[in-house]
Structures are given as C-alpha cells and as structure tokens.
Number of protein chains: 2
Amino acid sequence: MINKLIANIKKTNAPIVVGLDPMLKYIPQQIKEAAFSEYGETLQGAAEAIWQYNKGIVDAVYDLIPAVKPQIAMYEQFGIEGMIAFKRTVDYCKEKGLVVIADVKRGDIGSTSEAYAVGHLGKVTVGSKSWYGFDEDFATVNPYLGSDGVKPFVKVCQEEKKGIFVLVKTSNPSSGEFQDRLIDGRPLYEIVGEQVAQWGSECMGDEYSYVGAVVGATYPEQGKILRKVMPKAYILVPGYGAQGGKGADLVHFFNEDGLGAIVNSSRGIIAAYQQEKYAKFGPENYADASRQAVLDMREDIAQALAAR
Amino acid sequence: MINKLIANIKKTNAPIVVGLDPMLKYIPQQIKEAAFSEYGETLQGAAEAIWQYNKGIVDAVYDLIPAVKPQIAMYEQFGIEGMIAFKRTVDYCKEKGLVVIADVKRGDIGSTSEAYAVGHLGKVTVGSKSWYGFDEDFATVNPYLGSDGVKPFVKVCQEEKKGIFVLVKTSNPSSGEFQDRLIDGRPLYEIVGEQVAQWGSECMGDEYSYVGAVVGATYPEQGKILRKVMPKAYILVPGYGAQGGKGADLVHFFNEDGLGAIVNSSRGIIAAYQQEKYAKFGPENYADASRQAVLDMREDIAQALAAR
C-alpha cells in the first residue's frame, strides 16, 4: 500500500492528504437541515449530515489528491451511527481510488493490538471464514506501549501489504511534555524515531517502508533531524494550515527525491468556504471551495520544494 | 463516578474488575454454534456469540464485583457489528449496577481528544439536542501527546462526574522500551505519574481523584513508587493472573486505607473453565467457573492485604 500511496502521489503531483474530520460546525446549513429533517437532531441525523458533507468534498477533490485521512474520533463521538458514517466514508474513498489513512491512534499490548490491527487493516477469523472489519489502507499507531504494541500491526501490514504511521512527534503545543524529554542527551521522539526505522526495516515496499511516522509541521527543526533518523519512513505531516505550519516549514520533511512526506490539511480544506479567502464560493459551493484550497495547497508546497 | 466505584468496592469487599475481552477462542462451543446457526460465520454471528457469552458471565458475577472493563479492541475487530456488541455490553453492565471502565486507550490532540471524551464519557451536541454516544463510566487514556490530549477528558470528567485512567506503566514485557527511559535520572513513567497527580488535583471526588492511572501488576516495585507519586489516584492494575501478576505483588498498589487500587483479570475469569483448576465446571457451566474464579481472586487479594 506504500507503493500505491507513492504512485498516487506521483500521479497527482500532490503530496497532500485531506483530513476528513467533519465537525458539525463545519457542515453547511443546507446539508444539516436536509439530514435533520429526515432523521431529526439525532445521532443518525448527525451521521447522515457528515456522510453527505464528506461525499461532496470527496467528489470535488478526489482527482487532485492521493489520499484522505478520516479522524475516527470525529465519527466515534456519535456512537454507532457515527461509526457507520466512518465506514461508509472509508469505503467510498477507496472506491474513488484514494488511499485511506485511518487516523485512529490505536495501540495496546500483544493480542489486543493484534485485534486492532486485524480490525482496521486485516481480516478477522469467524469460524471457518474471515472478514474485513473496517479495512482501511493505513492506520496511525501510538507507540507508548513499546514494541509489543506495534509489532502486531507490522505483522498484519506484512500479510496485507498495508501500512501504519507511528506517532513520533505530534503537532500539538504540549507534545514536548513527554516527547521532548531528554534521554541520554537525546529527546524521546528521536528514540521512538529510531525504533520506527527498526520496525520498518522488517517491512519494506519498493522504495519506502510500510511503517511510517507522524511528525508535526509545527516542528520543522525536529522534522529535519527525524528525516535523517528514519530515511525510509514516509512521514505523515499534520499541522499545516489551521495549526500554523507553512509551506516553507515542510521542506525538511521531504527527501532529496521529492518523496518521503505527505502533508495533511483538515479544516483548511474541508471548511475552506468558512475562510475569508474562499468566502466567495458560499456555503452552497463548499466543495468547490475545498477544491480551490487543495489547488492552492499543492502550489504552496510545490513552490516551497522548488525554492529549496 | 469514582465515589460510586469506591462505594461498589466497599460493598462487595472486592477490589476487582473483570475484563470483558471476549476472544472467540474463549467462547464455549454451544454459544458459538447457536450464534452461527442464526447469523452464519459472519461478523454478526461473532457479535451475537460475544454478547451471549458476556451476558452469561455478567449474570453470574455481577453481585460479587464492583466493575467491569470491556476492552474495545476485542469488539472493534468485528467492525460495526462488534461495536454494537460493545455498546450492548456496556449498557447491560450499567443496568446491573456495575461501573463500566471502557479500555479504549484513546488520546489525541485538542478538539480530537474532546471528541473522544464526549463520545465515550459525555454528550455530543446535535443541533439543539445532545446525546450520549457510548456512555461508559471511565475510559483509559494514552498520555503520549501530553496535557493537550488529556485535559479535554478531564474537562468532561468534571462536567459528567466520570473518570479516566491514564496509562502510566503498562503490564506488557516491552513497556520499559520507552516508559522506563531515564529523564534527569528518573524514569518516564514517574514523570507521567506526576502529571497524573497534577491533572487529578483539578478533579477530585470525596477521597480519590476522577483521574486514575494504569500500572501493571507485573511491575510491583514500580507500583510502590507510583503509589507515593500519585497518592490520590486510583490505580487500575492489569496483569494479574494470566499475565503473571500474583496477589502478593498487588499489596504495593493499595494505600493504607485498603483502597486506591482495583485489580483487573480478564482471561483468568472469563475463560476460567478452560483452566485445569476449573475444568470440572465444563463449557456448559462456563459462567459458574467464572464465578468461582472471582471468589478465588477475591480471597487471594484479601489474604495478601491481610498479610502485609
């Protein structure tokens, strides 16, 4: 699946992933009204609104981008109905040829991590049959529990040719609280990054590993170091746009080959119509605003990479 | 909810939580056959088997124990159908008066952690209404992302009088890979433990905080230190029984008042009938075997506490 991700990136010339994190406040009024008039202001109504909103965006941008990253929390908060909307979104994006990176940040020990890996990336056995639970292409994984927690994911990745992105240095302001603490003079994120390189060496695609890493755009200097620590790991870079990361901050996350990083934008794309810059599209044409925001982001990254 | 947990522990005289982690290989043949004959060897069939199995155990032990801890991965692996079985289990246990600790190990940044917190412990707003998504009593939380990731949970705990257990020192063999690394001469888990005490100070019940910690029974020496670092945090102790922790290992997790810790056993209780010790019950009476295993565990812990 890392090979497909890279092929998609080369084809679209856009190292961009659109974060499908549909908060209700982003969803245009006309979509919410239609959903609530059918299902009421219920969990089901919310799930329907999310799904229609996502579908509009995906239809408008799928030819421009290699991948999407639905954040499962934004669905899980609506209970079972939300999970159904999540699965529907995953399935639809795959039908459209997009690589689906499920931002689930799961991670547990041994057989429990195996259950997560099987449920999100692999097949679960029921008697003499086996079934996909959610069937995404990539999942994000939390490393706090160590190798016991990550290796079951690596095993499923090997079997299914799928991938993971391990949290190394997250984009949020307090990520340093534990991740930056020095261990023998080196920050914890670097130690985790070394492990990512190690785990990934057992699970290589053609050019890059099935085991990637999450490193926030908000920390470009750390990105520069981690790029060297994990040369074969694709870096999923959140924090661009709304969180403050700029095109120029991104160059350090890429390798010389122009590959090695994929940059996420969520709100900046999916709620573009709420920004002054794209206000002319209006809520009715929210998906066109998202398309323009993707084009602008692609240009911003291309310029930054050309200038390095 | 920490007050209710403590009241339940005092009432049952059993600082025990039963881990409802229903792997299909634990489920007696007759339950699987009935479920598969109705729904086939499908995700729905698996979910039905899990639900019937759980119900049998809960009916047999609910009067002996204060709380259950369903591990969501064991349900999530069966996709939407599994999630429905999870919710059904949570709701049923609450009906029976049990405190439900959802072992979800979620954790993300800012608004995303808020969505998890709202979905699992609080109410989500849909238009002019608000709804519970999963509505558990406690959730486990991964601290790797720092305060940004944990504080949204604390906020919901304050509003809803619910609680969390933050992963501090996990029970698995490789938990030391990152958690034991020394920072200014002290292991990371101790630094995390200090933060747990800090977060918890903003969210106190009558005697203990709504913010607890997870510390594995397999690491009793670390438990002794962490008990002092977080005097007001309830400690959820996994790793007893099947993972190797013994009654004598547990004493350090408790405070002088005999409170402060609740010990989880999953396989050791729910699949007791598969152990030689309880084989006489047979698969037909698997729930009676579970009841006996709870009684034995209660005795083991009581003896260990009496002997200290």
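Since we're looking at a predicted model, the values are computed, not measured.

A. Spatial organisation of the overall build of chain A. Of regular secondary structure, chain A possesses 13 helices and 12 strands. Taken over the C-alpha trace, chain A has a radius of gyration of 19 Å; the compact-globule value for 308 residues is 19 Å, and the two agree within 12%. In terms of its C-alpha atoms, chain A occupies a principal-axis envelope of roughly 60 × 55 × 35 Å. Counting all 308 residues of chain A, 65% fall into the buried class. Positive and negative side-chain charges in chain A, numbering 33 and 38 respectively, have mean positions lying 3 Å apart.

B. Representation of the pairing of strand β12 (residues 261-265) of chain A within the structure. Residues and elements named next belong to chain A. Burial runs high along β12: five of the five residues are buried. Here β12 shows a buried face lined by Ala261, Val263 and Ser265 and a second buried face lined by Ile262 and Asn264. Note: strand β1 (residues 16-18) against β12, three bridges, orientation parallel. By the bridge assignment for β12, Ile16 is matched with Val263. Two strands pair when backbone bridges link them, and strand β11 (residues 235-237) and β12 are joined in this way by three bridges, in the parallel orientation. Residue pairing for β12: Leu236 is matched across the bridge by Ile262.

C. Geometry of the nonpolar core. In this structure, A:Ile164, A:Val196, B:Ile164 and B:Val196 are the most contacted members of the largest nonpolar core, which totals 238 residues. In this structure A:Val196 touches A:Val166, A:Val168, A:Val211, A:Gly212, A:Ala213, A:Met230 and A:Ala233, once residues within four positions along its chain are discounted.

D. Quick look at the sheet that holds strand β2 (residues 67-68) of chain B. Residue and element names in this part refer to chain B. If you walk around this closed barrel you meet the eight strands as β1-β2-β3-β6-β7-β10-β11-β12, and the pairing is parallel. In this structure, strand β1 (residues 16-18) lies alongside β2, joined through two bridges in parallel fashion. Pairing of Val17 across the sheet is with Ala67, part of β2. Against the sheet, helix α1 (residues 2-12) touches β2, β3 (99-106), β6 (138-141), β7 (163-169) and β12 (261-265), its axis set at about 125° to β3. Packed onto the sheet, helix α9 (residues 188-201) meets β7 and β10 (211-215) and runs at close to 165° relative to β7.

E. Molecular detail of the packing of aromatic side chains. Scanning all chains against the criterion turns up 15 aromatic pairs over all chains. Each ring, one from A:Tyr53 and one from A:Tyr286, has its centre 5.3 Å from the other, and the planes form 25°; the classification is stacked. Of this pair, A:Tyr53 sits in helix α3 (residues 43-61) while A:Tyr286 sits in helix α13 (residues 286-306), and the two are 233 residues apart along the sequence. Side by side, A:Tyr53 and A:Tyr286 carry an identical accessibility label, which is buried. With a centroid separation of 5.4 Å and an interplanar angle of 90°, the aromatic rings of B:Trp51 and B:Tyr92 are classed as edge-to-face. With B:Trp51 in helix α3 (residues 43-61) and B:Tyr92 in helix α5 (residues 79-95), this pair connects stretches of sequence that are 41 residues apart. B:Tyr92 matches B:Trp51 in its accessibility class, with the two residues each being buried.

F. Representation of the interface of chain A and chain B in the model. Taken together, the contact between chain A and chain B spans 72 residues of the former and 72 residues of the latter. At the boundary of chain A with chain B, total buried surface from both sides reaches about 5,800 Å², with 63% on carbon and sulfur atoms. For B:Arg181, the salt bridge is made with A:Asp184, and the minimal N-O distance between the two is 4.0 Å. The class makeup of the residues in the side of chain A that touches chain B is 36 nonpolar, 24 polar and 12 charged.

G. The packing of helix α2 (residues 29-39) of chain B against α3(B), seen in detail. Residue and element names in this part refer to chain B. Their axes nearest at 8 Å, the elements α2 and α3 cross at an angle of 140°. As α2 packs across α3, the resulting crossing turns out to be right-handed. Residues Ile31, Lys32, Ala35, Phe36 and Tyr39 of α2 form the contact with α3, whose participating residues are Gln44, Gly45, Ala46, Glu48, Ala49, Gln52 and Tyr53. Looking at side-chain class alone, the contact of α2 with α3 contains seven nonpolar, three polar and two charged residues.

H. Expanded view of helix α7 (residues 147-160) of chain A. All names here are of chain A. An ideal rise of 1.5 Å per residue puts 20 Å on 14 residues; α7 measures up with 20 Å between its terminal C-alpha atoms. What α7 keeps buried is the set Ser147, Gly149, Val150, Pro152, Phe153, Val154, Val156, Cys157 and Glu160. Backbone geometry just after α7 places Lys161 at a positive phi near 55°.

I. Region of the structure containing the pattern of salt bridges. Residues and elements named next belong to chain A. Applying the stated criterion across every chain yields a total of 40 salt bridges over all chains. Glu48 is the salt-bridge partner of Arg88, the closest N and O atoms lying 3.9 Å from each other. Taken together, the residues span a long stretch of sequence, with Arg88 in helix α5 (residues 79-95) and Glu48 in helix α3 at a distance of 40 residues. For Arg88, a relative accessible area of 41% translates into the label partly exposed. Between Lys69 and Asp103 there is a salt bridge, with the nearest N and O atoms lying 2.7 Å from each other. Linking Lys69 in the loop between β2 (67-68) and α4 (73-76) with Asp103 in strand β3 (residues 99-106), this pair joins segments that are 34 residues apart in sequence.

Criteria and thresholds
Residues numbered from 1 in each chain as written. Chains lettered and ligands numbered in written order. Predicted model: local features only at pLDDT ≥ 70, side-chain atom pairs only at ≥ 80, totals over all residues. Heavy atoms only, no water. Helix = DSSP H or I, 4+ residues; strand = E, 2+ residues; numbered from the N terminus. Rg over C-alpha atoms; globule rule 2.2 N^0.38 Å. Buried < 20%, exposed > 50% of the residue type's maximum accessible area, 1.4 Å probe, protein only. Lys, Arg positive; Asp, Glu negative; His and termini not counted. Charge placed at Lys NZ, Arg CZ, Asp CG, Glu CD. Pairing = 2+ DSSP bridges. Core = buried A, V, L, I, M, F, W, Y, C linked by side-chain atoms within 4.5 Å. Contact = heavy atoms within 4.5 Å. Axes fitted to C-alpha atoms, helices over the stretch in contact; angles between N-to-C directions. Phe/Tyr/Trp six-rings, centres within 6.5 Å; stacked < 30°, edge-to-face > 60°. Buried area = accessible area lost by both parts, 1.4 Å probe. Salt bridge = Lys/Arg side-chain N within 4 Å of Asp/Glu carboxyl O. Nonpolar A, V, L, I, M, F, W, Y, C, P; charged D, E, K, R; others polar. Left-handed = near helix turned anticlockwise from the far one by under 90°. Expected span 1.5 Å × (residues − 1).

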